[in-house]
Amino acid sequence: MSAQLAIITGASSGLGQTFAQHLAQQGWDLFLTGRRTKRLQSIQTQLKQKHGIQVHIQCANLLKAKELQDLIDKISQLQRIDMLINNAGFGNRNDFYKASYNEQNQMLQVHITAAARIIHEVVPKMKHRKKGAIINVSSLCAYMPAPLSYFYCSSKAFLVSLSECMHIDLQKHNISVQALCPGFIETEFHSRMGLITARSWLEQKLLWMKENDVVSISLRHLSSNKVICIPGFINKFIYHSVLFLPKCLYYKISAIQSNKLKTSHLIA
Ligand SMILES: NC(=O)c1ccc[n+]([C@@H]2O[C@H](COP(=O)([O-])OP(=O)(O)OC[C@H]3O[C@@H](n4cnc5c(N)ncnc54)[C@H](OP(=O)(O)O)[C@@H]3O)[C@@H](O)[C@H]2O)c1
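Treat the numbers as computed from the prediction; the structure is a model and nothing was measured.

K.L.:
Describe the pattern of salt bridges, and please don't skip the residues or the numbers.
P.N.:
Applying the stated criterion to the full structure yields nine salt bridges. Here lysine 66 makes a salt bridge to aspartate 70, at a shortest N to O gap of 2.8 Å. Of this pair, lysine 66 and aspartate 70 both sit in helix H3 (residues 65-76), four residues apart, which is roughly one turn of the helix. Overall, aspartate 70 belongs to the partly exposed group, its relative accessible area being 28%. Measuring nitrogen to oxygen at the nearest pair gives 3.6 Å for the salt bridge that ties glutamate 186 to lysine 210. Residue glutamate 186 is found in the loop between strand S7 (184-185) and helix H6 (189-192), and its partner lysine 210 is found in the loop between strand S8 (208-209) and helix H8 (211-222); the two are separated by 24 residues along the sequence. Residues joined in a network through salt bridges with shared partners are Arg80, Asp82, Arg129 and Lys131.

K.L.:
Run through the sheet that holds strand S1 (residues 5-9), naming residues and quoting values.
P.N.:
Pairing is parallel in the open sheet, where seven strands are placed in the order S3-S2-S1-S4-S5-S6-S9. Two strands lie at the open edges of the sheet, namely strand S3 (55-59) and strand S9 (228-229), each paired on one side alone. Two strands pair when backbone bridges link them, and strand S5 (residues 132-137) and strand S6 (residues 175-180) are joined in this way by six bridges, in the parallel orientation. When the bridges of S6 are listed, isoleucine 135 appears paired with glutamine 178. The strands touched by helix H2 (residues 37-51) within the sheet are strand S2 (29-34) and S3, with S3 carrying the most contacts at an inclination of about 175°. The strands touched by helix H4 (residues 101-129) within the sheet are S1, strand S4 (83-86), S5 and S6, with S4 carrying the most contacts at an inclination of about 170°.

K.L.:
Describe in detail the side chain of arginine 80, supporting the description with residues and values.
P.N.:
You can see arginine 80 is positioned in the loop between H3 and S4. The buried category is assigned to arginine 80, whose relative accessible area is 16%. Polar side-chain contacts of arginine 80 include one of 2.9 Å to the side chain of aspartate 82. Once residues lying within four places of it in the same chain are set aside, the contact partners of arginine 80 are Ser2, Ala3, Gln4, Leu5, Arg129 and Lys131.

K.L.:
Can you explain H3? Please cite residues and give values.
P.N.:
Taking 1.5 Å per residue as the helical rise, H3 with its 12 residues ought to reach 16 Å, and the 16 Å between its terminal C-alpha atoms agrees with that figure. Tucked into the core, H3 has its buried residues touching S1, S2, S3 and H4.

K.L.:
Kindly report on H4, identifying the contributing residues and their values.
P.N.:
When the terminal C-alpha atoms of H4 are compared, their 41 Å separation across 29 residues agrees well with the 42 Å that a helix rising 1.5 Å per residue should span. Of all the bends found along H4, the most pronounced is centred on glutamine 109 and spans about 40°.

Cut-offs used in this document
The numbering scheme is per chain: residues are counted from 1 as the chain's sequence reads. Two thresholds apply to this predicted model, a pLDDT of at least 70 for residue-level local features and 80 or more for giving and counting side-chain atom pairs, whereas whole-chain, interface and lining totals are computed over all residues. Side-chain numbers here rest on the full set of heavy atoms in the structure, without hydrogens or water. In what follows, salt bridge is the name for a side-chain nitrogen of Lys or Arg lying within 4 Å of a carboxyl oxygen of Asp or Glu. Strands are runs of DSSP state E lasting at least two residues, helices are runs of H or I lasting at least four, and both sets are numbered from the N terminus onward. Only protein chains enter the accessibility calculation, which uses a 1.4 Å probe; a residue whose area is less than 20% of its type maximum is buried, one above 50% is exposed, and one in between is partly exposed. For two strands to pair, DSSP has to find at least two bridges joining them. Contacts are assigned to residue pairs that have any heavy atoms within 4.5 Å of one another. Every axis in this analysis is a line fitted to C-alpha atoms, fitted for helices over the stretch in contact. Angles between the N-to-C directions lie between 0 and 180 degrees. Think of a polar contact as two N or O atoms within 3.5 Å of one another; within protein, one of them needs to be a possible hydrogen donor and the other a possible acceptor, and neighboring residues in sequence only count if both atoms come from side chains. Between the first and last residue of a helix there are one fewer steps than residues, each counted as 1.5 Å, and that sum is the expected span. Working definition for bend: take the seven residues up to and ending at a residue and the seven starting at it, fit an axis to each, and measure the angle between the axes.

Geometric descriptors of this kind do not, in isolation, establish any biological role.
What follows is the structure in structure tokens.
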């Protein structure tokens, strides 16, 4: 019997690369995508050599219609797809009204349009085989609207809602769906936004998680029937506190916090 196959977007670094490593260790074949060709090639070589699995890479900028279409065409040729991890994403620290709309819109294209397009291609194959798993990488920000992150928070909230709709619809087809909602993770995410994330020992211990821990929790969580996965005790505590807090109080706290953070503007 051939190995199971997982498609991972944003596999050239961070969480996506770590998902690839964990699944490779479990003997999965992989279909990896991202923009940075050299990085993907090096991950491909490393995983093939170490685990003897098949690793296909397809470089694609999800912002470019032609490259997204080429990616979809490649996916449509795959015989079987057992897992899809919609992970590609980025942060943006620009004031919504100061950056051009085109620049802001790129986030919707990567987080929403591309993710939905790939789901649309993959799910019919999973339904046909009556088996599959989808992880949509959202964020704790989905539950924490913030004034400097209009499209980050709202696009991540879209992914949570989409995952819940999919779960309700697809559970009868034996397809698991997860919205992964991490807090801060130690990846290139923040440095790529040009943020220096100086933190105290306590902040580091309490708020920041390692990619490996997030990925282990997410994959373990898939077998449960819960759609929303909030990794880490502190993140769960924050999530429940925000849900419990009266909205008007949350808005006040968020406005004060964001004024304090305007210079560093950390988002998760
Ligand atoms: N780090 C955190 O604190 C944190 C917290 C909560 C949620 N998240 C979410 O976790 C996911 C992974 O982020 P990360 O922390 O692992 O950061 P990362 O190391 O910067 O990884 C982001 C990945 O997305 C890919 N990507 C970005 N824009 C793309 C585009 N236009 N086309 C194709 N691929 C693109 C990047 O690949 P290329 O550059 O090669 O294209 C890279 O592989 C994101 O969705 C992020 O929102 C992160």
